[in-house]
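Structural overview
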Amino acid sequence: MTVRHFLTLTDLNSDEFKALLHRAIELKAMQRNGEIYAPLKNKVLAMIFEKSSTRTRVSFEAGMAQFGGHAIFLSPRDTQLGRGEPIEDSSRVLSSMVDCIMVRTFEHEKIELLAEYSSVPVINGLTDDVHPCQLLADMQTYIEHRGDIQGKTVTWVGDGNNMCHSYMHAAKLLDFKLNITCPEGYEPDQAFIDETSQHIEIISDPKKACENSDLIVTDVWASMGQEEEQDLRVKAFKPYQVNSELMSLAKDNALFMHCLPAHRGEEVSANVIDGKQSVAWDEAENRLHAQKALLEFLLVG
Ligand code: CP
Ligand code: NVA
């Protein structure tokens, strides 16, 4: 039997993605109603974190507990992975003991290698290339607030990074238009542009890109691993701050999202992220519900 992994959003087809979002909304209601639902009793999730995390770690760990299972947090500092044990060997061993592996790492090739040697599903909890779990939560949040996203216009403001790449995948799978506005030299990778070209448009002027948008999204200017570029990036990205001026160009009922952690005064002004159009807190909570739907999909079917 071939194992289903979730390394990028495109590991799901459109129908599976939509069904998963629908299920996430149901699981959220069940959780709110205090319903006990434990489909993963006795199941174990190993979570390898080579980068920091608050939301991803807590949502996966809480989700496994709510489902009656267990999660193990593994950091390179205190596992043999950090001392150079090959990924192939670690993957074979871990997958002989647990039911699912979640990984947050740097190079996307690392998670692909780990998945190749794993006998259980591998979930991408963020790589330098993509952050698919976040898009499950973001799309759930949009649907809860505004309904179907098909045919809508979303504007990505800022770095053409892992989050941007996953938004490009979402645009293709859910059939919305994605405007991408970023400083020269910080565009998304060409492979993602080629893959999603029917659904995206790169518009260098942030004002023009936000016009008539239904959703404005941004992320940090320097991602994890790029800390040394911070000063350089602050200069390049200054015109790309999502503030009330940019928001005023979008539709009146436009939403604002940010995967968090946020830097107020850099990529977003405080009055936008803490303002009426921001759904960043629902978005963060939905990591829990959306990933429970993902775990159920991969481990129960
Ligand atoms: N948005 C997100 O993935 O947050 P963490 O880095 O806290 O997991
Ligand atoms: N682009 C950010 C997302 C953090 C959740 C990073 O990779 O650091």
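Starting afresh in each chain, residues are numbered from 1 along the sequence in its written order. Chain letters and ligand numbers both follow the written order, the letters beginning at A and the numbers at 1. Given that the model is predicted, a residue must reach a pLDDT of at least 70 before its local features are reported, and side-chain atom pairs must reach 80 or more before they are shown or counted; all residues, however, enter totals for whole chains, interfaces and linings. Where side-chain values are given, they derive from all heavy atoms of the structure, hydrogens and water being excluded.

Now for the overall build of the protein. Only runs of H or I of at least four residues qualify as helices and only runs of E of at least two qualify as strands under DSSP, and these elements are numbered from the N terminus. Looking only at helices and strands, the protein features 12 helices and 9 strands. Each radius of gyration is computed over the set of C-alpha atoms, and the globule rule expresses the reference value as 2.2 Å times the number of residues to the power 0.38. Expected size for 301 residues packed as a compact globule is a radius of gyration near 19 Å; at 19 Å, the protein falls within 12% of this value. Taking the principal axes of its C-alpha atoms as reference, the protein extends roughly 50 × 45 × 35 Å. Note on classification: 1.4 Å probe, protein chains only; a residue is buried when its accessible area is under 20% of the maximum for its type, exposed when over 50%, partly exposed between these limits. Residue burial in the protein is summarised as follows: out of 301 residues, 54% are buried. In the protein, once contacts between residues fewer than 6 apart in sequence are set aside, the share between residues at least 24 apart is 73%. Note on contacts: a residue pair qualifies if any of its non-hydrogen atoms lie within 4.5 Å across the two residues.

Time to look at the pairing of strand E9 (residues 255–258). Burial along E9 is two-sided: Leu255 and Met257 and Phe256 and His258, pointing in opposite directions, are all buried. Strand direction decides the pairing type here: strand E8 (residues 215–218) and E9, joined by 4 bridges, are parallel. Considered in E9, the bridge of threonine 218 is made with histidine 258. DSSP bridges decide pairing: two strands pair if at least two such bridges lie between them.

This next bit is on the site of ligand 2. Taken together, Leu126, Asn161, Asn162, Asp219, Val220, Ser223, Met224, Cys259 and Leu260 are the residues near ligand 2. Distance and chemistry together define a polar contact, namely a pair of N or O atoms within 3.5 Å, with one atom able to donate a hydrogen and the other to accept it when in protein, and with adjacent residues in sequence counting only for side-chain atoms on both sides. Contact between ligand 2 and asparagine 162: an oxygen atom at 2.8 Å from a side-chain N or O atom of the residue. Taking methionine 224, its main chain carries an N or O atom lying 2.8 Å from an oxygen atom of ligand 2. Within the complex, the protein chains bury 94% of what would otherwise be the 270 Å² of accessible surface of ligand 2. Throughout this entry, Asp, Glu, Lys and Arg are counted as charged residues, while Ala, Val, Leu, Ile, Met, Phe, Trp, Tyr, Cys and Pro are counted as nonpolar. The remaining residues, Gly among them, count as polar. Looking at side-chain class alone, the shell around ligand 2 contains 5 nonpolar, 3 polar and 1 charged residues. Proximity is defined per residue: any heavy atom of the residue falling within 4 Å of a molecule or strand makes that residue near it. For every accessible area listed, the method is Shrake-Rupley and the probe measures 1.4 Å; residues are considered covered only by the protein chains on display.

What follows covers the sheet that holds strand E6 (residues 177–181). Pairing is parallel in the open sheet, where 5 strands are placed in the order E7-E6-E5-E8-E9. A single partner strand is all that each edge strand has here, and the edge strands are strand E7 (200–202) and E9. Each strand axis lies, on average, 20° off the axis of its neighbour in the sheet, ignoring direction. Taken strand by strand, helix H5 (residues 132–146) contacts E8 and E9, and its axis lies near 160° from that of E9. Simply put, an axis is a line fit to the C-alpha atoms, just over the touching stretch for a helix, and the angle between two N-to-C directions goes from 0 to 180 degrees.

Right, let's talk about the side chain of aspartate 214 for a bit. Within the secondary structure, aspartate 214 is located in the loop between helix H8 (206–210) and E8. In this structure aspartate 214 comes out as buried when scored by relative accessible area, which is 7%.

At the junction of leucine 260 and proline 261, the peptide bond is cis and its omega measures out at 5° in the coordinates. By secondary structure assignment, the location of proline 261 is in the loop between E9 and helix H11 (270–273). One non-glycine residue, leucine 126, lies in the positive phi region at around 120°. The residue leucine 260 is not glycine, and still its phi comes out positive at about 70°.

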